[in-house]
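The lines below spell out each chain.
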Amino acid sequence: MKKLKYLAITLTLIEVILVAALVYGVLLARESVSAYSYSPVYHLARADNSDSSSYDPSPQATYSLDDSYLAERWGISKIEAPQAWQITRGDQSIIVAVLDTGINKDNQDLAEKVMADVNFTNSPTSDDLYGHGTHMAGTIAAIAPECPLMNVKVADDMGRCEPSVVARGIIWAVDHGAKVINISLAMKASPDLIEAVDYAWSQGAILIAAAGNKGGSEPSYPAYYVNCLAVAGTNKNNALALLSSYGDWVDVAAPGFNIYSELPQNQYGYKTGTSAAGAHVSGVAALVFSVAEDSNGNGAANDEVRQAIENSCTSIAADGVGQGLVNAFQAVTETVSSD
């Protein structure tokens, strides 16, 4: 009887352990390992291939402050974008390049905002068949609604990309007028990649890159490069989002948990990861660029834009998030007052 009793206790403990492991797995599944995943078969970096998503087939298609659709986008309120809109909503001269899996051509909110597109992948189309790039573009457009988008497809229809391809995309975007370059991707370091990043910066563009979702301080690229603004992700409580990378190489943080935005086929849904955080900062950068001037006479305003974003951040308790949480209103206000 004692043996049976001990066996029963042992089985119960095993069941408890299995249930705990299952719950932990579910929690991890809510946060993408985004902006970084490595494929040993293709040796390619991958865009957010495990974002949790849910869909809303019939949202209100407008960015009105009174709209419940906008209310879903908690990150916009968190960074005080609506207050910044009292000063600027962006400008047609400030082009934001989205280097990603493409932007859906048929999305009712985004189609007219895309002023140019190019496809550097082996996909037959520059359209977004994967769903990642459209989500990033939606967040950027929601924050800087007057700024046009540039669709630079550098990740294929399975979300995979190579550093050399991303480098080509960066150079093309800059040469075609992009002032803000959103890179919600992460990959291994590459000579081509750092050369392209440095070129873009030298030409007056600002590069925003996701810090990655490896849950530690290991650097991701191109975010780690000095001429990129590296972005960690936060949740509604201003804590570090689950699995967000962090470290002394991260520059700022932005909302990156359960972010609501556009998806292909006129759907809408939620994604989690530093990719979404980077998109928030790209939107802020576009707003700031629209009111920035070259105050130091070096022939470009990207350094003023970056300084304004970093200097106006709100301090938060999380470690390894650089200057803290970006604040669109404070960044724009600081820029206007210093002009």
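Worth saying up front: this structure is predicted, and the values here are computed from it rather than measured.

### Quick word on the environment of F289
Thought 1: On the secondary structure map, F289 appears in helix α8 (residues 274–289).
Thought 2: With 17 residues separating them in the primary sequence, F289 and R306 have C-alpha atoms 9.3 Å apart.
Thought 3: Ignoring anything within four residues of it in the chain, the contact list for F289 reads I94, K179, V180, G204, I206, A301, N302 and V305.

### Re the sheet that holds strand β11 (residues 252–255)
Thought 1: On the basis of which strands lie adjacent, the open sheet formed by seven strands has the order β5-β6-β4-β8-β9-β10-β11 and parallel pairing. Where the open sheet ends on each side, the last strands, each with one partner, are β5 (114–119) and β11. Across the sheet, the mean angle from the axis of one strand to that of its neighbour is 25°, orientation sign disregarded.
Thought 2: Pairing between strand β4 (residues 95–100) and strand β6 (residues 149–153): five bridges, direction parallel. Its bridge partner lying in β6, V98 is registered against N151.
Thought 3: In the packing of helix α7 (residues 191–202) onto the sheet, the strands contacted are β8 (178–183), β9 (206–210) and β10 (228–234), and the crossing angle to β9 comes to about 140°.

### Quick look at the pairing of β5
Thought 1: Examined bridge by bridge, β5 and β6 share five bridges and lie parallel to one another. Across the sheet, the residue bridging to D117 is N151, located in β6.
Thought 2: Taken together, β5, helix α5 (residues 132–143) and β6 form a β-α-β motif whose crossover is left-handed.

### Focus: the nonpolar core
Thought 1: With 46 residues, the main nonpolar core has L149, V180 and I309 as its most contacted residues.
Thought 2: A per-element tally of this core places α8 first, with nine residues.
Thought 3: If sequence neighbours within four positions are ignored, I309 has contacts with I206, L229, V284, A285, V288, V326 and A331.
Thought 4: Counting residues in hydrophobic clusters, the runner-up holds 43 residues, among them V118, A167, I316 and A318.

### With respect to the environment of T139
Thought 1: On the secondary structure map, T139 appears in helix α5.
Thought 2: Given the relative accessible area of 3%, T139 is considered buried.
Thought 3: Along the backbone, T139 and E262 are 123 residues apart, and their C-alpha atoms lie at a distance of 7.8 Å.
Thought 4: With near-sequence residues (within four places) excluded, T139 lies in contact with R73, I259, S261, E262, A279 and H280.

Scoring rules and cut-offs
- Residues numbered from 1 in each chain as written.
- Predicted model: local features only at pLDDT ≥ 70, side-chain atom pairs only at ≥ 80, totals over all residues.
- Heavy atoms only, no water.
- Helix = DSSP H or I, 4+ residues; strand = E, 2+ residues; numbered from the N terminus.
- Contact = heavy atoms within 4.5 Å.
- Pairing = 2+ DSSP bridges.
- Axes fitted to C-alpha atoms, helices over the stretch in contact; angles between N-to-C directions.
- Right-handed = clockwise from strand over helix to strand, strands pointing away.
- Core = buried A, V, L, I, M, F, W, Y, C linked by side-chain atoms within 4.5 Å.
- Buried < 20%, exposed > 50% of the residue type's maximum accessible area, 1.4 Å probe, protein only.

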